[in-house]
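# Architecture at a glance
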Amino acid sequence: MAIRNIVTEGDEILRKKCREVSEVTDRIRTTMEDMLDTMHSECGVGIAAPQVGVMRRMFIAEPEPGRVYFMINPEILEMEGSQWGAEGCLSVPGLIGDVERPERIKIKALDLDGNEQVYDFEGFDAVVMCHENDHLDGTLYTDKAQNIRVAEAPEEDEE
């Protein structure tokens, strides 16, 4: 597959609402595989189509290594509870901010085969899904965040 360029904050494409995918074709699957490669190349846990310049309602989430979700035409059906956490974004490099998200969500989407799936997510998984889903409506985490700050690099243990 291919690694694509990531669109960064300031590009108007990130502020537009994406169109639905009318049919899950080989082209859609290839785009999503490219998105996965791109996300992995940047050590991300999620990436949405507009972040690679594709204005379609689809994203990939990998809340933990090896557990990948391909979401096409996602729709959040239910949200419960509340949690706060620090978020960053491949399209807003070098910054993090504290965002309030639901503790639990139910989301419906098509998979890579075009089959409808319904998922329940809690905790960090719910955060990742909501963050990526926001991209499809032209919303960045910085629109909702408090205490936006420079992301600190993890300190190396000194010996």
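Here, every reference points to the structure presented above.
Being a predicted model, the structure only gives us computed values, none of them experimental.

Our next topic: unusual backbone geometry. Despite not being glycine, Cys43 has its phi angle at roughly 60 degrees, a positive value. With respect to the helices and strands, Cys43 occurs in the loop between helix H1 (26-41) and strand E1 (46-48). Note on Cys43: relative accessible area 72%, which makes it exposed. Phi at Asn73 is positive, roughly 50 degrees, even though this residue is not glycine. Note on placement: Asn73 falls in strand E3 (residues 67-80). Overall, Asn73 belongs to the buried group, its relative accessible area being 15%.

Attention now goes to the sheet that holds strand E6 (residues 104-110). Pairing is antiparallel across the open sheet formed by 5 strands, whose spatial order is E1-E2-E3-E6-E7. Both edges of this open sheet fall to E1 and strand E7 (116-122), since each of them pairs with a single strand only. Neighbour-to-neighbour, the strand axes of the sheet open up by a mean angle of 40 degrees, direction not taken into account. As paired elements, E1 and strand E2 (residues 58-64) share 3 bridges and run antiparallel to each other. Bridging across to E2, Ile47 finds its partner in Ile60. Packed onto the sheet, H1 meets E1, E2 and E3 and runs at close to 40 degrees relative to E2. Relative to the sheet, helix H2 (residues 123-135) contacts E1, E2, E3, E6 and E7, its axis offset from that of E2 by approximately 160 degrees.

Analysis parameters
Residues numbered from 1 in each chain as written. Predicted model: local features only at pLDDT ≥ 70, side-chain atom pairs only at ≥ 80, totals over all residues. Heavy atoms only, no water. Helix = DSSP H or I, 4+ residues; strand = E, 2+ residues; numbered from the N terminus. Buried < 20%, exposed > 50% of the residue type's maximum accessible area, 1.4 Å probe, protein only. Pairing = 2+ DSSP bridges. Axes fitted to C-alpha atoms, helices over the stretch in contact; angles between N-to-C directions. Contact = heavy atoms within 4.5 Å.

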